[in-house]
Amino acid sequence: DAEITQSPRHKITETGRQVTLACHQTWNHNNMFWYRQDLGHGLRLIHYSYGVHDTNKGEVSDGYSVSRSNTEDLPLTLESAASSQTSVYFCASSEFEGTNEKLFFGSGTQLSVL
Amino acid sequence: AQKITQTQPGMFVQEKEAVTLDCTYDTSDQSYGLFWYKQPSSGEMIFLIYQGSYDEQNATEGRYSLNFQKARKSANLVISASQLGDSAMYFCAMRGLNHGGSQGNLIFGKGTKLSVKP
């Protein structure tokens, strides 16, 4: 079955380190998204991509970067991790089926920056 | 700019009763899509229902229906016959859709925590 997987599920790192969170989907979807979820803020969009070599900044993109070299993967990189980036990170992908769009989420990555 | 507002931080409903979760939105896009997602305590995000702005009928998926009122810019989720397993956070989301052109951002509201009482 097609799916979207995130790794790692949990990550502890130190401030100033570079961290990369992986997202891999086998739906063959063009659209992929990264969100962070924090109490009181809901889900906020970090970066998104509508196809290979396409990347766009979301609402809270500072300190994060993404690259899309193939359809399946959209890794999220924290260039220099900060304590404010402690959060749960969700990757998602979507495609239109006729006029209906479904968004599929990964299971999330809990990141702690100490 | 697009915005999603969910004004109910928490809701209680008696088991087997219906409940409406409110969602209002703001967008200047002519075409857009509206979503509802469920997030149980386990943390995963579960797709519930989708409504396109040009869909003439309200979307339904089993016990879920979307009460779409375009003029009022509201997209409320109605859950019929609530079950204990419906206790979760519920998120409303929206995306602009420029068919034939670029697609817009996908943004979420802050969510409503629904608790179903036995």
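From a predicted model like this one, the values you see are computed outputs, not experimental measurements.

**Student:** So what exactly am I meant to see when it comes to the nonpolar core here?
**Tutor:** Within soluble globular proteins, side chains that are nonpolar tend to cluster in buried spots. All names here are of chain B. By size, the foremost hydrophobic cluster in this structure holds 26 residues, and its most contacted members are L21, Y25, W36, I49, L77, Y90 and L114. When residues of this core are traced back to their parent elements, those giving at least two are β2 (10–14), β3 (19–21), β5 (32–39), β6 (46–52), β8 (64–69), β9 (74–79), β10 (88–97) and β12 (112–117). Broken down by element, the residue count for this core peaks at four residues, all from β10.

**Student:** Is there a simple way to think about the confidence of the model for chain A in this case?
**Tutor:** Parts of the model with low pLDDT should not have their predicted coordinates read in detail. Looking at chain A as a whole, its pLDDT mean stands at 92, while 96% of the residues score no less than 70. Considering each helix and strand of chain A separately, the mean pLDDT is smallest for strand β10 (residues 100–105) of chain A, with a value of 81, and largest for strand β8 (residues 76–78) of chain A, with 98.

**Student:** What is the right way to look at the interface of chain A and chain B in this model?
**Tutor:** Quoted interface sizes are often the accessible area lost when the parts come together. Facing 21 residues of chain A, the contacting portion of chain B comprises 18 residues. Buried area between chain A and chain B, summed over both chains or domains, comes out near 1800 Å², and the portion from carbon and sulfur atoms is 55%. Counting every contact that joins chain A to chain B gives zero salt bridges. Counting across the chain A and chain B interface gives three residue pairs in polar contact (both at pLDDT 80 or more). Listing elements by their share of the side of chain A that touches chain B, those giving two or more residues are β4 (31–38), β5 (42–51), β9 (87–97) and β10 of chain A. Top contributing element to the side of chain A that touches chain B by residue count: β10 of chain A, with six residues. Grouping the constituent residues of the side of chain A that touches chain B by class yields 11 nonpolar, eight polar and two charged.

**Student:** Sorry if this is basic, but what is going on with the side chain of H29 of chain A here?
**Tutor:** Residue and element names in this part refer to chain A. Among the secondary structure elements, H29 is positioned in the loop between β3 (19–25) and β4. Among the polar contacts listed, one links the side chain of H29 to the side chain of S93, at a separation of 2.8 Å. For H29, the residues in contact, after removing those within four places along its chain, are R68, T71, S93, S94, E95 and F104.

Cut-offs applied
Residues numbered from 1 in each chain as written. Chains lettered and ligands numbered in written order. Predicted model: local features only at pLDDT ≥ 70, side-chain atom pairs only at ≥ 80, totals over all residues. Heavy atoms only, no water. Core = buried A, V, L, I, M, F, W, Y, C linked by side-chain atoms within 4.5 Å. Buried < 20%, exposed > 50% of the residue type's maximum accessible area, 1.4 Å probe, protein only. Helix = DSSP H or I, 4+ residues; strand = E, 2+ residues; numbered from the N terminus. pLDDT = per-residue confidence, 0-100. Contact = heavy atoms within 4.5 Å. Buried area = accessible area lost by both parts, 1.4 Å probe. Salt bridge = Lys/Arg side-chain N within 4 Å of Asp/Glu carboxyl O. Polar contact = N/O pair within 3.5 Å; in protein donor to acceptor, adjacent residues only side chain to side chain. Nonpolar A, V, L, I, M, F, W, Y, C, P; charged D, E, K, R; others polar.

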